[in-house]
Amino acid sequence: MSNGWYKVNIQNKAKVLVKAENHAEALEMYGNQLAQNKSDIEKLVQYFGEMRVSEIERFATLFAVWNDFIIDGIPVPSDNQIIDDVLTNWGPTKGRFSRDTWQNTLMKMKRDGIIPKGLGLHTLPKPEGGKSDA
């Protein structure tokens with residue numbers, strides 16, 4: 001958030017991202033790249049728009065972990081493999097959610113078609129062994 005593109009506001013006890021003073025810079029910098037996927041992006045924004053930040057965090061973390069498995073040559077990791085990786089390698093803050101909560105989020109992802117394809121870069125481990133708390 002230090003780039004001034006977005007800022008965090010608290011609304012009804014939930015964190016919400018809103019445009020900040022440098023938002024136009026972000027649009028100029030990334031607008032062309034995002035335009036070709038505008039329809040898909042709009043669907044995701046609508047999908048995640050009513051969720052709390054903590055739920056979006058779980059989706060993003062599970063997606064990244066699952067995507068890493070695919071990149072590593074494991075095309076269909078088990079739910080336990082994904083959740084174990086989250087709870088073991090993604091830093092202590094991920095443990096604030098129960099295993100059942102992670103499982104429910106993963107089931108919702110599958111039900112709603114939020115499924116990684118093994119694209120992009122593999123996440124990087126933090127120096128102490130855990131991965132980023134994304």
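Residues numbered from 1 in each chain as written. Predicted model: local features only at pLDDT ≥ 70, side-chain atom pairs only at ≥ 80, totals over all residues. Heavy atoms only, no water.

**What about the overall build of the protein chain?**
- A count of helical and extended segments in the protein chain gives five helices and two strands.
- Counted from the first residue to the last, the protein chain has its helices and strands arranged as β-β-α-α-α-α-α.
- Taken along the three principal axes of its C-alpha coordinates, the protein chain extends 40 × 35 × 35 Å.
- Here the protein chain holds 134 residues, and the buried ones make up 30% of them.
- Considering only contacts within the protein chain whose residues lie at least 6 apart along the sequence, 55% involve residues at least 24 apart. (Helix = DSSP H or I, 4+ residues; strand = E, 2+ residues; numbered from the N terminus. Buried < 20%, exposed > 50% of the residue type's maximum accessible area, 1.4 Å probe, protein only. Contact = heavy atoms within 4.5 Å.)

**Considering a nonpolar patch on the surface**
- On the surface, Tyr-6, Val-8, Ile-10 and Leu-17 cluster together to form a nonpolar patch covering roughly 370 Å² of accessible area.
- For the nonpolar patch, the element with the most residues is strand β1 (residues 6-11), which contributes three residues.
- Residue position: Val-8 is located in strand β1. (Patch = residues over 30% accessible without salt bridge, like charges linked within 9 Å, V, L, I, M, F, W, Y side chains within 5 Å. Areas by Shrake-Rupley, 256 points an atom, 1.4 Å probe, with all protein chains shown as cover. Salt bridge = Lys/Arg side-chain N within 4 Å of Asp/Glu carboxyl O.)

**Some remarks on the nonpolar core**
- Residues Leu-62, Ile-82, Leu-106 and Met-109 are the most contacted members of the largest nonpolar core, which totals 18 residues.
- Elements with a contribution of two residues or more to this core: α3 (53-71), α4 (79-89) and α5 (99-112).
- Apart from the residues lying within four places of it in its own chain, the contact partners of Leu-62 are Ile-82, Val-86, Trp-102, Thr-105, Leu-106 and Met-109. (Core = buried A, V, L, I, M, F, W, Y, C linked by side-chain atoms within 4.5 Å.)

**Remarks on the environment of Leu-44**
- Mapped onto the elements of the fold, Leu-44 is located in helix α2 (residues 38-49).
- Leu-44 sits 70 residues away from Ile-114 along the chain, and the two C-alpha atoms are 9.2 Å apart.

**Digging into the packing of α3 against α4**
- One can describe the packing of α3 onto α4 by two numbers: an axis separation of 9 Å at closest approach and a directional angle of 115°. In the crossing of α3 with α4, the sense of the turn from one axis to the other is right-handed. Of the residues in α4, those in contact with Thr-61, Leu-62, Val-65, Trp-66 and Phe-69 of α3 are Gln-81, Ile-82, Asp-85 and Val-86.
- Partitioned by chemical class, the residues of the contact of α3 with α4 number six nonpolar, two polar and one charged. (Axes fitted to C-alpha atoms, helices over the stretch in contact; angles between N-to-C directions. Left-handed = near helix turned anticlockwise from the far one by under 90°. Nonpolar A, V, L, I, M, F, W, Y, C, P; charged D, E, K, R; others polar.)

Distances and angles like these do not, on their own, reveal function.
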